[in-house]
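# Structural overview
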Amino acid sequence: MTGFWQHHGIWFVIFMFFFPRLTMLFATVWGGWLWWVGWLFAPRLTVAIIATTFYWQTNMVLVVFTWIWALGLESGEKGVFVWNRKR
């Protein structure tokens, strides 16, 4: 098993945080229909699933933070959008 930091650096993490769709498009090798559906509708959740699949054994802390990021920011982002739309 290889660790996350052997393949990626801090810039990858920063770009994934701010631009998950662009980073996934240019930096990942998945390409099945499920990957594309995740990329289109829930990129942060797709990133969390991919991180769990590949890095759970070597980087559990990173995977836990990825799930917090995916579930927390995804719902928070949607809440801000709905709140601004009502105004």
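The paragraphs below set out a description of the structure included in this document. (Residues numbered from 1 in each chain as written. Predicted model: local features only at pLDDT ≥ 70, side-chain atom pairs only at ≥ 80, totals over all residues. Heavy atoms only, no water.)

## Quick look at the nonpolar core
Note the cut-off: Buried Ala, Val, Leu, Ile, Met, Phe, Trp, Tyr and Cys residues that are joined via side-chain atoms within 4.5 Å together make up what is termed a nonpolar core. Type-normalised accessible area, obtained with a 1.4 Å probe on protein chains alone, sets the label of each residue: buried when under 20%, exposed when over 50%, and partly exposed for intermediate values. Only DSSP runs of H or I with at least four residues qualify as helices, and only runs of E with at least two residues qualify as strands; both kinds are numbered from the N terminus onward. In this analysis, two residues are considered to be in contact whenever any of their non-hydrogen atoms come within 4.5 Å of each other.
Ranked by size, the top nonpolar core spans twelve residues in total: Phe 4, Phe 12, Met 16, Met 24, Trp 35, Trp 39, Val 47, Ile 50, Ala 51, Tyr 55, Val 63 and Trp 69. For this core, the secondary structure elements donating two or more residues are α2 (10-18), α4 (33-41), α5 (43-55) and α6 (60-86). With four residues, the top contributor of residues to this core is α5. With near-sequence residues (within four places) excluded, Met 24 lies in contact with Met 16, Trp 35, Trp 39, Pro 43, Thr 46 and Val 47.

## Description of the packing of aromatic side chains
Quick note on the threshold: Between the rings of Phe, Tyr and Trp (Trp by its six-membered ring), a pair exists once the centres lie within 6.5 Å; its type follows the angle of the planes, with under 30 degrees stacked, over 60 edge-to-face, and the other angles tilted.
Tallying each qualifying case throughout the model produces ten aromatic pairs. On the basis of an interplanar angle of 55 degrees and a centroid distance of 6.4 Å, the ring pair of Phe 54 and Tyr 55 is categorised as tilted. Look at Phe 54 and you get partly exposed, because its relative accessible area is 39%. Overall, the relative accessible area of 11% leaves Tyr 55 in the buried class. Here the aromatic residues Phe 4, Trp 5, Phe 12, Phe 54 and Tyr 55 are joined through ring pairs into a cluster of three or more.

## Let's talk about the packing of α4 against α5
Stated precisely, the cut-off is as follows: Orientation is described by lines fitted to C-alpha atoms, with helices fitted over the stretch in contact, and by angles between N-to-C directions that extend from 0 to 180 degrees. Each angle is binned into one of four classes, with values under 35 degrees roughly parallel, values over 145 roughly antiparallel, values of 65 to 115 roughly perpendicular, and all other values oblique. Each residue receives one of three labels: charged for Asp, Glu, Lys and Arg, nonpolar for Ala, Val, Leu, Ile, Met, Phe, Trp, Tyr, Cys and Pro, and polar for the others, Gly being one of them.
One can describe the packing of α4 onto α5 by two numbers: an axis separation of 6 Å at closest approach and a directional angle of 135 degrees. Between α4 and α5, the interaxial angle falls into the category oblique. In contact with Trp 35, Gly 38, Trp 39 and Phe 41 of α4, α5 contributes Pro 43, Thr 46 and Ile 50. When its residues are assigned to classes, the contact of α4 with α5 shows five nonpolar, two polar and no charged.

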